[in-house]
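One letter stands for each residue in the lines below.
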Amino acid sequence: MRSMRRAVLLAILASVVLVLALLHSWPTRAYTTVDAWQRPGQMLERHLEERLPEPDPRLGSIPFHVRDNVASLLARNGCMCEGEAGGVNLPFAQLLFPRVSAHPLHTAFEAPELEEMKRRRAKEYESFQRRSQTAADVVLIAEANNPLQYPTQGVEVRPMKTILIPGLALQILPRDHYSINITATLGTLNVAADVDGVKVGGGGEMHMSLRSSVLQNLNRQLQFVTYTNTQFHPSTADTVHLETEGHQAVFSIRIRHGVTPRLYNTGSQGADYNVSALVTIATKTFLRYDKLRDLIDSVRRYYPTITIVIADDSENPRTVSGPYIEHYIMPFGKGWFAGRNLAVSQVTTKYLLWVDDDFIFTANTKLEKLVDVLERTTLDLVGGAVREATGYTSTYRQTISIEAGGEDGDCLHMRRGYHHVIEGFPNCVVTDGVINFFLARTQKVQQVGFDPRLARVAHLEFFIDGLGSLHVGSCDDVIVSHATKIKLPWVGRSESDKTYARFRYPAASSDAAHTKNGLLFFKNRFQCLTHN
Ligand SMILES: *[C@@H]1O[C@H](CO)[C@@H](O)[C@H](O)[C@H]1NC(C)=O
Ligand SMILES: *[C@@H]1O[C@H](CO)[C@@H](O)[C@H](O)[C@H]1NC(C)=O
């Protein structure tokens, strides 16, 4: 009897433990699935495109005259790179009378390889486009005489959060019954308050309908409509359909996180900028220790406590030490952009100043002026000027424009020059690319990055990668001196200068030039380039 009771007790105990264990391991929340595949709303886009109103057939018979000067500005279906013919063939001709030259980029690949490269590039591009487009990029047309009122732009919700949808209303001639349907696809709809005389159907679901016999009450109710994002898929957009008898409208709600700021504490500031607290100097060196030493000494004359970050990929690195100096040694010959990347990655101040290792600071190298430009404008990067030993000063301003092409890729056009002078800074202009001497917001440069595959001749590639995200300026009144560059052939060169030249300035037909064209062709998807 007793053993029987004990067995029952044990059985009860065991089942309680089992149930508890089960309850514990049971998912406390039902997880729904999200479609994060790289095909955001292909269906949806097609659906939206079908909604574009058909052009009125009666308009087709009305004659018109094309304005060539305006029509030629419109993007054609494809682009071309054309150089300028002729010109004088004198020494320095390109310097004095710059002509536009055109270069196809597919020559970076041999014939059998080229077709395969084009195929792979097309595949990667398609995937890139899918990742970078959302429903908020699709054209929506507000149809004429639509009684529905709704927001056309600017409605935004953070992932999994709720907002009131602003601006919803119905303005329609009197009738017995008024109704509105609202449908979303990545979230649910609801009302934050109930209004008398309005029937709400489907609250908390993706499809909600509101009905009333009093228009005023319906419109009051529409002020309380909420949207809750339920599918976690940030940086997308939901397309909300709005419908009343005989009329439809569509608008989009962007789903995205707020931008998390990354701010730099620049210390207390008096009337003047404390350059040491705001700026780090970054440079890359290769073999030229004598030049680097001259640079550091010249910097110290004007900015004794500014930090200098040096990336070094020399074969037999030497020690470069001193206060406020950080020397990073890299594997031999890692290259130009890899070194820039390393140096820039170690900067902890708000701004970084890029200099080449053979520059010399002078009394004209007033970093305060460049800091002032970045502190007071929306620019991300501002270049200065470099004075050659010959006295010639250059800012190397470049505009970069990209013309949309077809399947062959886009056309890249680079020209010397700039877009506008900056108001309040008569020595400064807005442009797209500048010389190797620039002050920039550290974070923006880190975001764009220097492609480490560009090991040798490279500079403007950084600005091409940054086009669209970097806002670039150039001032000609902040000048750094260049120790050497234009080498006269009869002047003897040191052994390290010769090795340097071999790495840094390879022949045009070499692998380095091929790498560069190959990257423009594949990575940036250009077919050709023109420049002057
Ligand atoms: C609103 O949706 C319901 C189904 O939920 C449908 O029966 C009704 O016809 C729709 N009304 C309008 C005006 O489209
Ligand atoms: C400027 O900043 C540096 C580095 O943060 C600091 O050591 C120095 O005291 C500051 N100078 C002034 C005048 O505030």
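The chain appears in an unreviewed UniProt entry as Beta-1,4 N-acetylgalactosaminyltransferase from Betta splendens. Under the UniProt heading Sequence similarities (unreviewed entry), the entry covering the chain gives this text: "Belongs to the glycosyltransferase 2 family."

**Considerations on the overall build of the chain**
Helix and strand counts for the chain stand at 14 helices and 26 strands. Expressed as a percentage of the 532 residues in the chain, the buried residues total 39%. Here the analysis covers contacts within the chain between residues at least 6 apart in sequence; of these, 72% occur between residues at least 24 apart. For the chain, the computed accessible surface area is about 31,100 Å², with 55% contributed by carbon and sulfur atoms.

**Structural notes on the state of the cysteines**
By definition, a disulfide links the sulfur atoms of two cysteine residues through a covalent bond. One pass over the full model with this rule turns up 3 disulfides. Here cysteine 79 engages in a disulfide with cysteine 411; their sulfurs sit 2.1 Å apart. A torsion of 90° about the S-S bond marks the disulfide between cysteine 79 and cysteine 411 as right-handed. Of the two residues, cysteine 79 sits in the loop between α3 (68-71) and α4 (93-96) while cysteine 411 sits in strand β21 (residues 410-416), which places them 332 residues apart along the sequence. Each sulfur in the disulfide pair cysteine 81 and cysteine 528 lies 2.1 Å from the other. Since a negative S-S torsion denotes a left-handed disulfide, the cysteine 81-cysteine 528 link at about 80° is right-handed. With cysteine 81 in the loop between α3 and α4 and cysteine 528 in strand β26 (residues 526-531), this pair connects stretches of sequence that are 447 residues apart. Grouping residues by exposure puts cysteine 81 and cysteine 528 together as buried. Taken in N- to C-terminal order, the disulfide-linked cysteines of the chain are connected 1-3, 2-6, 4-5.

**Some remarks on the confidence of the model for the chain**
Summing up the model confidence of the chain, the mean pLDDT is 85 and the portion of residues at 70 or higher is 85%. Confidence over residues 488-492 falls short of pLDDT 50; this stretch has 1 contact with residues more than four positions distant or in other chains.

**Side note on the packing of aromatic side chains**
One pass over the full model with this rule turns up 13 aromatic pairs. Measuring from ring centre to ring centre gives 6.3 Å for phenylalanine 359 and phenylalanine 437, while their planes differ by 85°; the resulting arrangement is edge-to-face. A residue pair is termed long-range when its members are at least 10 positions apart, and phenylalanine 359 in strand β17 (residues 359-360) and phenylalanine 437 in the loop between β23 (425-431) and β24 (438-441) qualify at 78 residues. Accessibility expressed as a relative area gives 0% for phenylalanine 437, which makes it buried. On the basis of an interplanar angle of 75° and a centroid distance of 6.1 Å, the ring pair of phenylalanine 438 and phenylalanine 463 is categorised as edge-to-face. Placement of the pair is phenylalanine 438 in strand β24 and phenylalanine 463 in helix α12 (residues 460-466), with a sequence separation of 25 residues. By way of ring pairs, the aromatic residues Trp336, Phe337, Trp354, Phe438, Phe450, Phe462 and Phe463 are connected into one cluster.

**Quick notes on the site of ligand 1**
The full set of residues close to ligand 1 is Ser179, Asn181, His207, Glu243, Thr244 and Glu245. One of the side-chain nitrogen or oxygen atoms of asparagine 181 is found 2.2 Å away from an oxygen atom of ligand 1. Histidine 207 has a polar side-chain atom sitting 2.9 Å from an oxygen atom of ligand 1. Surface burial for ligand 1 is 47%, taken as the share of its 360 Å² of free accessible area covered by protein chains. Mapped onto the shell around ligand 1, the elements with two or more residues apiece are β6 (178-183) and β11 (236-244). Partitioned by chemical class, the residues of the shell around ligand 1 number no nonpolar, 4 polar and 2 charged.

**Observations concerning unusual backbone geometry**
Peptide bonds are mostly trans, and most non-glycine residues show a negative phi. Look at serine 235: it is not a glycine, yet its phi comes out positive at around 65°. Tracing the backbone shows serine 235 in the loop between β10 (225-229) and β11. The phi torsion at arginine 525 lies on the positive side, around 60°, for a residue other than glycine. Tracing the chain through its elements places arginine 525 in the loop between α14 (511-522) and β26.

**Considering the layout of surface pockets**
When its volume is computed, the second largest pocket comes out at roughly 570 Å³. Tyr125, Phe128, Lys523, Asn524 and Arg525 are, among the 17 residues lining the second largest pocket, the residues nearest its centre. The set of elements that each furnish at least two residues to the lining of the second largest pocket consists of α5 (111-132) and α12. No other element matches α5, which puts 5 residues into the lining of the second largest pocket. When the residues that make up the lining of the second largest pocket are grouped by side-chain class, the tally is 7 nonpolar, 3 polar and 7 charged.

**Considering the pattern of salt bridges**
What the rule picks out here adds up to 20 salt bridges. Ionic pairing is found between glutamate 116 and arginine 120, a salt bridge with its closest N-O pair at 2.9 Å. Here glutamate 116 pairs with arginine 120, and both are found in helix α5, just 4 residues apart, close to one helical turn. Here aspartate 410 ties to arginine 525 by a salt bridge, and the two come within 3.7 Å at their closest N and O atoms. Residue aspartate 410 is found in strand β21, and its partner arginine 525 is found in the loop between α14 and β26; the two are separated by 115 residues along the sequence.

**Structural notes on the nonpolar core**
Counting 40 residues, the largest nonpolar core has Leu381, Leu412, Phe438, Phe462 and Phe463 as the members making the most contacts within it. When residues in this core are grouped by element, the largest group, 5 residues, is from helix α9 (residues 336-345). Other than its neighbours up to four places away in sequence, phenylalanine 462 contacts Phe337, Leu381, Phe438, Val445, Val448, Gly449, Phe450 and Leu470. Within the second largest apolar cluster, 38 residues are counted, among which are Leu295, Ile308, Ile310 and Phe359.

**A few points about the side chain of arginine 397**
Here arginine 397 shows up in the loop between β19 (393-394) and β20 (398-403). Despite its burial, arginine 397 pairs with no opposite charge; the closest candidate is aspartate 476, at 4.3 Å N-O. A polar side-chain atom of arginine 397 sits 2.7 Å from a polar atom in the side chain of serine 474. Leaving out residues up to four positions away in the same chain, arginine 397 has contacts with Arg415, Arg416, Gly417, Tyr418, Asn427, Val429, Thr431, Gly433, Ser474, Cys475 and Asp476.

Conventions we followed
- Residues numbered from 1 in each chain as written.
- Chains lettered and ligands numbered in written order.
- Predicted model: local features only at pLDDT ≥ 70, side-chain atom pairs only at ≥ 80, totals over all residues.
- Heavy atoms only, no water.
- UniProt positions renumbered as here; feature names shortened; annotations may be inferred.
- Helix = DSSP H or I, 4+ residues; strand = E, 2+ residues; numbered from the N terminus.
- Buried < 20%, exposed > 50% of the residue type's maximum accessible area, 1.4 Å probe, protein only.
- Contact = heavy atoms within 4.5 Å.
- Areas by Shrake-Rupley, 256 points an atom, 1.4 Å probe, with all protein chains shown as cover.
- Disulfide = S-S within 2.5 Å.
- pLDDT = per-residue confidence, 0-100.
- Phe/Tyr/Trp six-rings, centres within 6.5 Å; stacked < 30°, edge-to-face > 60°.
- Near = heavy atom within 4 Å.
- Polar contact = N/O pair within 3.5 Å; in protein donor to acceptor, adjacent residues only side chain to side chain.
- Nonpolar A, V, L, I, M, F, W, Y, C, P; charged D, E, K, R; others polar.
- 1 Å grid on protein atoms, 1.4 Å probe; cavity = no way out; pocket = protein on both sides within 12 Å on 5 of 7 lines; lining within 4 Å.
- Points joined across faces, edges and corners; volume = space filled by probe spheres on them.
- Salt bridge = Lys/Arg side-chain N within 4 Å of Asp/Glu carboxyl O.
- Core = buried A, V, L, I, M, F, W, Y, C linked by side-chain atoms within 4.5 Å.
- Lys, Arg positive; Asp, Glu negative; His and termini not counted.

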